[in-house]
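Close look at the chain arrangement
Spelled out from the first residue to the last, the chains are:
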Amino acid sequence: MPIYTPPIKDLQFALHDVLNVAQSGLPGHDELDRDFTEAVLDAAGKLASEVLAPLNIVGDQQGCRLENGVVRTPDGFDKAFEAVKEGGWTALDCDPEYGGQGMPYLLGVATGEMFVSANMAFNMYQGLTHGAYSAIHAHGTDEQKAKYLPKMVSCDWTGTMNLTEPHCGTDLGMLRTKAEPQDDGSYLITGQKIFISAGDHDLAENVIHLVLAKAPGGGEGTKGISLFIVPKYLVNDDGSLGDANGVSVGNLEEKMGIHGNATCVMNYDGAKGWLLGDLHKGMRAMFTMMNEARLGVGLQGYACAIPAYQNAVAYAKDRLQGRAVTGAQNPSAAADPLIVHPDIRRSLMDQKSFLEGARMLTMWGAHQIDRANQGDEAAEGLISLLTPVIKGFLTDKGFDTTVLAQQVYGGHGYIEEHGMSQFVRDARITMIYEGANGVQALDLVGRKLAQDGGKHVMAFFEMVKAFCKEHGANDALTADFIEPLKTASKDLQAAGMYFMQNGMKNPNDALSGSYDFMHLFGHVSLGLMWAKMAVAAQAGLDAGDGDIDFLQTKLATGRYYMKRQLPMTATHLARIQSGAAPVMDLDAEAF
């Protein structure tokens, strides 16, 4: 069975040495001292490694099954779900008014990483519920919040999001699900939704579906879409469960991965629903859930790769194959371990440097969300800009990382015995759902760059510039971190300038380069995160404070990223500046 070791020290380093959360000045963050967060992370890590991780392979092998209209989850999922609930993990960063613990979103992300690494498919049941909770909390009436949120915070009831239909995925303006208004203020929802993660299961008493549908008078396209709360079981005024609603599971999808999560075809046959937010403004309400989900999927992208990397390291140290080119490193045995070979080191360093940078970017993003929730408009602008980067870049590279980890095993990685294929199969979905990565790139270039007159991307450039200026005199860091970051940032600015100069005349020039731009932006973002980590690690070394080996390893890993990965910005810039012609010149009939 694959191993999983919670990275407590890395999470603590990110929280305290880099983000300095306890001194951030945000309400509630002053309580997040090292001892407190270590206790929380240790408890979450123990649950992840001892309870959730052993069920990962069980979920993959057994999958979910549909019996008499009810979805049954794999063996052990029910007891594990109760353990998660009893520990209060579903309520960690939720509103105390509805039974939450009121902790910062950042702490929820830190613990969530471990839960995803241990068992991604399992964690989706509570993760989707959190997104539905957030949408109702932001847009619901007081009555709706009082009725649904306490049970969703505790995960006695879980939540879903229902967007996709058989004939439309990204283009939601084409959806056909109808909402017919009733005299009592409710609506009757009729239609079919597909790809609904955690659409039904036996882990909770009720499932609260958030469903996009078209009500009369809304017009064409997305402008006519509204969002509705549609429970599996109707909820009585006293909070008890009433009759079954007109919603059923038509089928369970057979998928490449995440077998332990029920991906459902949901049929709505005159199901009773209630408007969430304003009529015909459903996309605004749904984006509250989708933006949170997209950061969560970015987290999934790298978190799923963490145990793959951990197992690859263990295998590389144990598996004897060949001799080191510089001479035998293990002369008493027939061969040296894989890890002596430079190409294996390259692979492991690619994995390690990406994963630690991705963690830092995700936690930095979560910290911006906490700031935005306190009214910081600059933080809200930055995280809005970077959400497609976090989702798209981290899932692309996260999947690549699982493949690299599998490759370390050679043929043994391709068979099921070592469990590496599950990491690859599970990670693959992150590039697709919550908006396929090509759509993330289009959103970044087509919407986010120009948002509010481009002030958010300019704020990002200024943030990088100010950071480089502040630390440019640090001789220990300048050559290895600050100068490479400056060069990469200039590549990003040059790409943005190319879009400004050419995109208006020929939009295809911008859109043909959008995917490269997303990756270019991702590399610069990770370069900034590695530079921040290098500053923190060097400060610790200079002070003689902390684990010296740990800090030196951080610096060595960061130098690898800056020297071996960050120069990819030049490649992406060259592709962008080649324009639309190489992409669009071939006639469709020629393919």
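Now for a description of the structure that goes with this document. (Residues numbered from 1 in each chain as written. Predicted model: local features only at pLDDT ≥ 70, side-chain atom pairs only at ≥ 80, totals over all residues. Heavy atoms only, no water.)

**Quick notes on the packing of aromatic side chains**
Within the structure shown, the criterion is met by 12 aromatic pairs. Between Phe 460 and Phe 461, the aromatic rings sit 6.3 Å apart at their centres with planes inclined by 65°, giving edge-to-face as the arrangement. Across the pair, exposure class does not vary: Phe 460 and Phe 461 are buried alike. When the ring centre of Phe 399 is taken as origin, the NZ or CZ atom of Arg 428, which lies over that ring, is 5.6 Å away. (Phe/Tyr/Trp six-rings, centres within 6.5 Å; stacked < 30°, edge-to-face > 60°. Buried < 20%, exposed > 50% of the residue type's maximum accessible area, 1.4 Å probe, protein only. Lys NZ or Arg CZ within 6 Å of the ring centre and 35° of its normal.)

**What about the side chain of Asp 336?**
One can find Asp 336 in the loop between α9 (305–318) and α10 (342–373). According to the relative accessible area criterion, Asp 336 is buried, its value standing at 0%. Among the polar contacts made by the side chain of Asp 336, one reaches the main-chain amide nitrogen of Gln 329 at a distance of 3.0 Å. Contacts of Asp 336, omitting those with residues within four sequence positions, involve Arg 319, Leu 320, Gln 321, Gly 322, Arg 323, Ala 324, Gly 327, Ala 328, Gln 329 and Asn 330. (Helix = DSSP H or I, 4+ residues; strand = E, 2+ residues; numbered from the N terminus. Polar contact = N/O pair within 3.5 Å; in protein donor to acceptor, adjacent residues only side chain to side chain. Contact = heavy atoms within 4.5 Å.)

**What to know about the pairing of strand β4 (residues 178–181)**
In this sheet, strand β5 (residues 187–197) lies alongside β4 in antiparallel orientation, the contact comprising four bridges. Residue pairing across strands places Ala 179 opposite Ile 189, the latter belonging to β5. Joining the antiparallel neighbours β4 and β5 is a turn of five residues, in which Gly 185 adopts a positive phi near 95°. (Pairing = 2+ DSSP bridges.)

**Regarding the packing of helix α1 (residues 8–18) against helix α18 (residues 548–565)**
Contact geometry of α1 with α18 gives a least axis separation of 12 Å together with a crossing angle of 75°. By the criterion of interaxial angle, the relationship of α1 to α18 is roughly perpendicular. Counting all contacts with α1, which are made through Lys 9, Asp 10 and Phe 13, the residues of α18 involved are Phe 550, Leu 551 and Lys 554. (Axes fitted to C-alpha atoms, helices over the stretch in contact; angles between N-to-C directions. Parallel < 35°, antiparallel > 145°, perpendicular 65-115°, else oblique.)

**Structural notes on empty space enclosed by the protein**
In this structure the tally under the stated criterion is two cavities of 30 Å³ or more. Taken as a whole, the largest cavity holds about 120 Å³ of empty space. Around the largest cavity, the lining comprises 13 residues; the ones closest to its centre are Pro 2, Ala 53, Asn 56, Ala 118 and Phe 423. Elements supplying a minimum of two residues to the lining of the largest cavity: α3 (56–62), α5 (105–118) and α12 (420–428). When the residues that make up the lining of the largest cavity are grouped by side-chain class, the tally is nine nonpolar, four polar and no charged. The computed volume of the second largest cavity comes to approximately 40 Å³. In this structure, the second largest cavity is lined by Asn 56, Val 116, Ser 117, Asn 119, Met 120, Cys 304, Phe 423 and Asp 426. Breaking the lining of the second largest cavity down by element, the ones donating at least two residues are α5 and α12. For the lining of the second largest cavity, the per-class residue count stands at four nonpolar, three polar and one charged. (1 Å grid on protein atoms, 1.4 Å probe; cavity = no way out; pocket = protein on both sides within 12 Å on 5 of 7 lines; lining within 4 Å. Points joined across faces, edges and corners; volume = space filled by probe spheres on them. Nonpolar A, V, L, I, M, F, W, Y, C, P; charged D, E, K, R; others polar.)

**Focus: the pattern of salt bridges**
The tally for this structure, following the rule as stated, stands at 25 salt bridges. The salt bridge partner of Lys 145 is Asp 142, with a shortest N-O separation of 4.0 Å. Placement of the pair is Lys 145 and Asp 142 together in helix α7 (residues 142–153), with a separation of three residues, close to one helical turn. On the basis of relative accessible area, Lys 145 is assigned to the buried category, the value being 14%. Judged by its relative accessible area of 62%, Asp 142 is exposed. A salt bridge links Asp 278 to Arg 284, with the nearest nitrogen and oxygen atoms 3.2 Å apart. Judged by relative accessible area, Asp 278 falls into the partly exposed class, the value being 42%. Each of Asp 10, Lys 352, Glu 356 and Lys 554 takes part in one network of salt bridges that share partners. (Salt bridge = Lys/Arg side-chain N within 4 Å of Asp/Glu carboxyl O.)

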